[in-house]
Amino acid sequence: MDTLLKGGVVYPVAAAPVRDGAIAVHKGLIEAVGHASDFQERDFDEVISLSGQTLTPGFVNAHSHLQFSAARGKIPRGLSFADWIRRVIAFNASATAEEIFRGVEEGVAEMIATGTTSVADVASDVRCSRLVARSKLGSVCFAEVIEPREEEADGAFKGAAARISEMRKTGAKPGLSPHAPYTVSLRLFASLKSLAREESLPLMLHLAETAEEDEFIRRGTGDLAGLLAERGNKPGSFKAHQKSPVRLLGDAGLLDDALAVHLNTVDESELDVLAASRATPVFCPGSSWWFGRHKVMPLDAMFEAGMRPAIGTDSLASNHSLSMLEELRRAAEYFPSIKRGRLMEAATLNGARALGLNCGSIEKGRRADIISFKGEDFGGRLDSVFGAKRPEFVMINGVRMNAENP
Ligand SMILES: [Zn+2]
């Protein structure tokens, strides 16, 4: 079926906005973008009028854990990082499979209703990945790996490789996610990195999230040492690497082309390491706010250094919402000096690029993932987007979504 979407303003992200714009959609892909007067309505099976609105690419949520959606509101704010992890582990152990799966489905519906059309989702349970892969969302489903004990690296690697091939069978686009430098040994990290390279899998990790992580990696001490010892790891095995988490992994070549989530504790001298690795920083402003972080990812300096950061919601264990609109507003609060158009790039195209997804901008040949907002936004303020609770219209893969078929 051929569909014509008539704006409004078309805000493609990768090109200049078009007033009285229109988008031709054919078999799920964008076939042409131009002025409404360039198209004949009779050439289309369906014409959708979105006049008075601004059309943008759907959001690419570059980091979530839909598996924890059922934890919404169950974990209090204000805990130490180690105590927060203890609560997440306890939640995982006590929640039933039905609760978890219902949480995944509700989370997917919330994402679509708020304009997300693709997601990078990390899960330890392959059944959650399967639900995400089968949903209407475009997705990369990351298999999460946690195993800090070096002597267990081979077994954990085999398990991860098996999960990747199982995910491929279910039609998911898989990725690999070694959880973080304090929960994955360097040996296991290196073998996962090789697997990612051989199989062209995106690699995502949590990195430089907290001062506790920094202390543990530099000196092998602190709250995370306590947590790991409690989880059965031998304190004698905790190494003092004498360098920051970013330098530890960057020097070992383990950050090459990776999506690095959080990066709250990086200092600007480390941006060279990230840039040389071609890593994509993923900012989670809602999660940083939820934890009350005083120092967050230096997003402004990253843009200035020519990097292409992306944005994600993280999970409902450390956020109130899965709406990328909330993340955009929070990002603009943290960084009022960054142009909103750049934040839009981070919420769409930059994530798509890092994940290898053919979406994130309105241009010929991309998947027709398109959303729209009330108000014609031709200037750079993008108030129609940044002020919205939800979009007026959501199309994924050329299919119009509504409240009944998220
Ligand atoms: Zn996360």
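Residues numbered from 1 in each chain as written. Predicted model: local features only at pLDDT ≥ 70, side-chain atom pairs only at ≥ 80, totals over all residues. Heavy atoms only, no water.

Looking at the overall build of the protein
The number of helices and strands found in the protein is 15 helices and 17 strands. Relative to the globule expectation of 22 Å for 406 residues, the C-alpha radius of gyration of the protein, 21 Å, shows essentially globular dimensions. For the C-alpha atoms alone, the extent of the protein along its principal axes is close to 75 × 45 × 40 Å. Across the 406 residues of the protein, 57% fall into the buried class. In the protein, 72% of the contacts between residues at least 6 apart in sequence involve partners at least 24 apart. (Helix = DSSP H or I, 4+ residues; strand = E, 2+ residues; numbered from the N terminus. Rg over C-alpha atoms; globule rule 2.2 N^0.38 Å. Buried < 20%, exposed > 50% of the residue type's maximum accessible area, 1.4 Å probe, protein only. Contact = heavy atoms within 4.5 Å.)

Comments concerning the environment of serine 269
Within the secondary structure, serine 269 sits in the loop between strand E12 (259-262) and helix H9 (271-276). For serine 269, a relative accessible area of 44% translates into the label partly exposed. For the pair formed by serine 269 and leucine 131, sequence separation is 138 residues and the distance between their alpha carbons is 41 Å. Engagement of the side chain of serine 269 in a polar contact is seen with the side chain of aspartate 267, the distance being 2.4 Å. (Polar contact = N/O pair within 3.5 Å; in protein donor to acceptor, adjacent residues only side chain to side chain.)

Observations regarding the side chain of histidine 179
In this fold, histidine 179 is placed in the loop between strand E10 (174-178) and helix H5 (186-198). Taking the relative accessible area as the measure of exposure, histidine 179 reaches 13% and is therefore buried. Within the local environment of histidine 179, its side chain forms a polar contact with the side chain of threonine 183, the two groups lying 2.7 Å apart. Not counting residues up to four positions away in its chain, the partners in contact with histidine 179 are Glu144, Val145, Ile146, Val184, Leu205 and His206.

Looking at the pattern of salt bridges
Under the counting rule described, the total for this entry stands at 22 salt bridges. The residue glutamate 345 makes a salt bridge to arginine 342 at a minimum N-O spacing of 3.3 Å. One end of the pair is glutamate 345 and the other is arginine 342, both in helix H13 (residues 340-347) and three residues apart, which spans about a single turn. Looking at glutamate 345, the relative accessible area reads 21%, which means it is partly exposed. (Salt bridge = Lys/Arg side-chain N within 4 Å of Asp/Glu carboxyl O.)

Things to note about the coordination of the zinc ion
Summarising the metal site, the zinc ion is bound by the protein donors His63 (NE2), His65 (NE2), His206 (NE2) and Asp314 (OD), whose distances to it range over 2.0 to 2.6 Å. Metal-centred angles of 89 to 166° between the four donor atoms at the zinc ion mark the site as irregular. Donor residues for the zinc ion sit on one chain with the sequence pattern H-x1-H-x140-H-x107-D. One end of the pair, histidine 63, is in strand E7 (residues 59-64); the other, aspartate 314, is in the loop between strand E14 (310-311) and helix H12 (324-334), with 251 residues separating them in the sequence. One exposure class covers both histidine 63 and aspartate 314, and it is buried. (Donors = N, O, S within 2.8 Å, 3.2 Å for Na, K, Ca; no water. Tetrahedral: all angles 85-135°; square planar, octahedral: opposite > 155°, others 65-115°.)

A closer look at the pairing of strand E1 (residues 2-6)
The side chains of a regular strand alternate, residue by residue, between the two faces of the sheet. As defined by bridge partners, E1 adjoins strand E3 (residues 21-26) across five bridges and the pair is classed as antiparallel. Across the sheet, the residue bridging to leucine 5 is isoleucine 23, located in E3. Where E1 meets strand E5 (residues 46-49), four bridges bridge the pair, whose relative direction is parallel. What sits directly across from leucine 5, in E5, is isoleucine 48. (Pairing = 2+ DSSP bridges.)

Regarding the state of the cysteines
Scanning the model with the defined rule gives zero disulfides in all. Considering cysteine sulfurs only, cysteine 141 is the nearest to cysteine 128, which forms no disulfide, with 10.0 Å between them. Using a relative accessible area of 1% as the deciding quantity, one classes cysteine 128 as buried. Counting only cysteine sulfurs, cysteine 141 is the nearest neighbor of cysteine 359, a cysteine outside any disulfide, at a range of 14 Å. (Disulfide = S-S within 2.5 Å.)

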